Amino acid sequence: MDANKGKGDHMMQNPGGQMDRPVNFHILESMLPKAVKRRVHALKRLQVQCANIEAKFYEEVHELERKYAALYQPMFDKRRDIVTGTVEPTDEECEWHSDREEEEELAEGIKEKASIEDAKKEVVKPEEDPKGIPDFWLTIFKSVDMLSDMLQEHDEPILKHLKDIQVKFSEPGQQMSFTLEFHFEPNGYFNNAVLTKVYKMKSEPETSDPFSFEGPEIIDCEGCQIDWHKGKDVTVKTIKKKQKHKGRGTVRTVTKQVPNDSFFNFFNPIKASDGEMDEESEFTLATDFEIGHFFRERIIPRAVLYFTGEALEDDESFEEEELEEGDEEEQLEEGDDDEDDGDCDPKA
């Protein structure tokens, strides 16, 4: 459940024919009669109380998420077991009515024909009944733009060993947070069975600006130490550099390790608590928060639909709808400009 879902859209509405042009509300308030201004201050105090109640609401939403996460978990565990081939689903569990049955039957016919042709040519066929669902999570990573942007070719063999991704919510009494857990089978790259990323959240109005409160926000994140096998760390690369001695003129070759692009840098994030950041660091951190939220709200709950591409179609449709709305606004603005032009004196 996304506590903030739709909140931004609601805030963008313009009910009651509000003024279209930006207004300096400090000036507006200063122009009010003293008695009216006094009453406005009372309303603001009430608004702060509403924001505090809203913060409590989101704390209870977090508790509901934690409660229902425990109810979802048996289904997610079964999903993991089917993906890894630990269990084979029954015929009854595999029954599924698809709107694309005719397309699937046609595809099966083409596959059968291709198999017959291959048999005639005595071509070695791939394994017909692979274990589980091979490359399940890797396929998702490669399909989702937000994740594929982080993915490098040298990451792919490692992600073939990814068994499951889970989200865990903080317990009552703890700081509001959620943890992403990436579960790996034993592999030749690192010793960790689980890699974690903790996202710390805050759900309370700022004392200095209580009216900006719009619900819980991620305020920091913390990764984990990856115990790489020797020579297998894909987050660094070794380069050789030639150095010339100024006095003797002799040349020597030195090797050093430098950072390397990799998805696994995700587990060594910039921390907001480290102090002031430049613009690039702030953007990187904001993107990290967005990715963590996307894993929690979209990828983990709907993994199979991202594997098949159905969720991607939904996401694209949503983006198209947003774009159409934006185009409409632009046309309206252009229309307003035309009206303004009509008021002008053509002789001027």
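Residues numbered from 1 in each chain as written. Predicted model: local features only at pLDDT ≥ 70, side-chain atom pairs only at ≥ 80, totals over all residues. Heavy atoms only, no water.

Looking at an unreviewed UniProt entry, one finds the protein chain named Nucleosome assembly protein 1-like 4a isoform X2, with Betta splendens as its source organism. Quoted verbatim from the Sequence similarities (unreviewed entry) heading of the UniProt record, the comment on the protein chain is "Belongs to the nucleosome assembly protein (NAP) family." Here is the UniProt Subcellular location (unreviewed entry) comment for the protein chain, exactly as written: "Nucleus". (UniProt positions renumbered as here; feature names shortened; annotations may be inferred.)

Caption draft 1: Expanded view of the nonpolar core. Phe 141, Phe 182, Phe 263, Phe 264 and Phe 295 are the most contacted members of the largest nonpolar core, which totals 46 residues. When residues in this core are grouped by element, the largest group, six residues, is from helix H9 (residues 279-299). Those residues in contact with Phe 263, other than ones at most four positions away along the chain, are Phe 141, Met 150, Leu 151, Asp 155, Leu 159 and Phe 182. (Core = buried A, V, L, I, M, F, W, Y, C linked by side-chain atoms within 4.5 Å. Buried < 20%, exposed > 50% of the residue type's maximum accessible area, 1.4 Å probe, protein only. Helix = DSSP H or I, 4+ residues; strand = E, 2+ residues; numbered from the N terminus. Contact = heavy atoms within 4.5 Å.)

Caption draft 2: Broad picture of the pairing of strand E6 (residues 251-259). Little of E6 is tucked away: zero of the nine residues are buried. Note: strand E5 (residues 236-244) against E6, nine bridges, orientation antiparallel. Each bridged residue has a counterpart across the sheet, and for Ile 239 the counterpart in E6 is Lys 256. Taking the residues that link successive antiparallel strands as the turn, the E5-E6 hairpin has six residues, and the phi of Gly 249 there is positive, at about 80°. (Pairing = 2+ DSSP bridges.)

Caption draft 3: How the structure looks around the packing of aromatic side chains. Enumeration according to the criterion identifies 25 aromatic pairs in this entry. Residues Phe 141 and Phe 295 carry aromatic rings whose centres are separated by 5.9 Å and whose planes lie at 50° to one another, so their mutual orientation is tilted. Taken as a pair, Phe 141 in helix H6 (residues 136-143) and Phe 295 in helix H9 lie far apart in primary sequence, 154 residues in all. Neither residue differs from the other here; Phe 141 and Phe 295 are each classed as buried. Judged by centre distance (6.0 Å) and plane angle (70°), the ring pair of Phe 294 and Tyr 306 falls under edge-to-face. Here Phe 294 is found in helix H9, whereas its partner Tyr 306 is found in helix H10 (residues 303-308), with twelve residues between them in sequence. Residue classification places Phe 294 among the buried residues on the basis of a relative accessible area of 16%. By relative accessible area, which is 0% here, Tyr 306 ends up buried. An aromatic cluster is built from Phe 141, Phe 182, Phe 184, Phe 190, Trp 228, Phe 263, Phe 264, Phe 266, Phe 267 and Phe 295, whose rings are joined through pairwise contacts. Between Lys 197 and the ring centre of Phe 266, over which it is positioned, the NZ or CZ distance is 3.4 Å. Above the face of the Phe 178 ring, Arg 296 is positioned so that its terminal group lies 4.8 Å from the ring centre. (Phe/Tyr/Trp six-rings, centres within 6.5 Å; stacked < 30°, edge-to-face > 60°. Lys NZ or Arg CZ within 6 Å of the ring centre and 35° of its normal.)

Caption draft 4: A look at a negative patch on the surface. Among the surface-exposed residues, Asp 278, Glu 279, Glu 280 and Glu 282 lie close enough to one another that they form a single negatively charged patch. Position of Glu 280 among the secondary structure elements: in helix H9. The exposed category is assigned to Glu 280, whose relative accessible area is 61%. (Patch = residues over 30% accessible without salt bridge, like charges linked within 9 Å, V, L, I, M, F, W, Y side chains within 5 Å. Areas by Shrake-Rupley, 256 points an atom, 1.4 Å probe, with all protein chains shown as cover. Salt bridge = Lys/Arg side-chain N within 4 Å of Asp/Glu carboxyl O. Lys, Arg positive; Asp, Glu negative; His and termini not counted. Charge placed at Lys NZ, Arg CZ, Asp CG, Glu CD.)

Caption draft 5: Structural context of the side chain of Ser 177. Position of Ser 177 among the secondary structure elements: in strand E2 (residues 177-184). If we skip the residues at most four places from it in the chain, Ser 177 touches His 62, Lys 168, Phe 169, Ser 170, Val 198, Tyr 199, Lys 200 and Met 201.

Caption draft 6: How the structure looks around the sheet that holds strand E4 (residues 217-222). Spatially, E1-E2-E3-E4 is the arrangement adopted by the four strands of the open sheet, whose pairing is antiparallel. Among the strands making up the open sheet, the edge pair consists of strand E1 (162-169) and E4. Each strand of the sheet is rotated relative to its neighbour by a mean of 20°, with strand direction disregarded. Sheet topology places E1 next to E2; seven bridges connect them, and they run antiparallel. From the neighbouring strand, Ile 165 faces E2, where its bridge partner is Phe 182. In the packing of helix H3 (residues 34-84) onto the sheet, the strands contacted are E1 and E2, and the crossing angle to E1 comes to about 170°. In this fold H6 packs onto E1 and E2, with an angle of close to 75° to the strand it touches most, E1. (Axes fitted to C-alpha atoms, helices over the stretch in contact; angles between N-to-C directions.)

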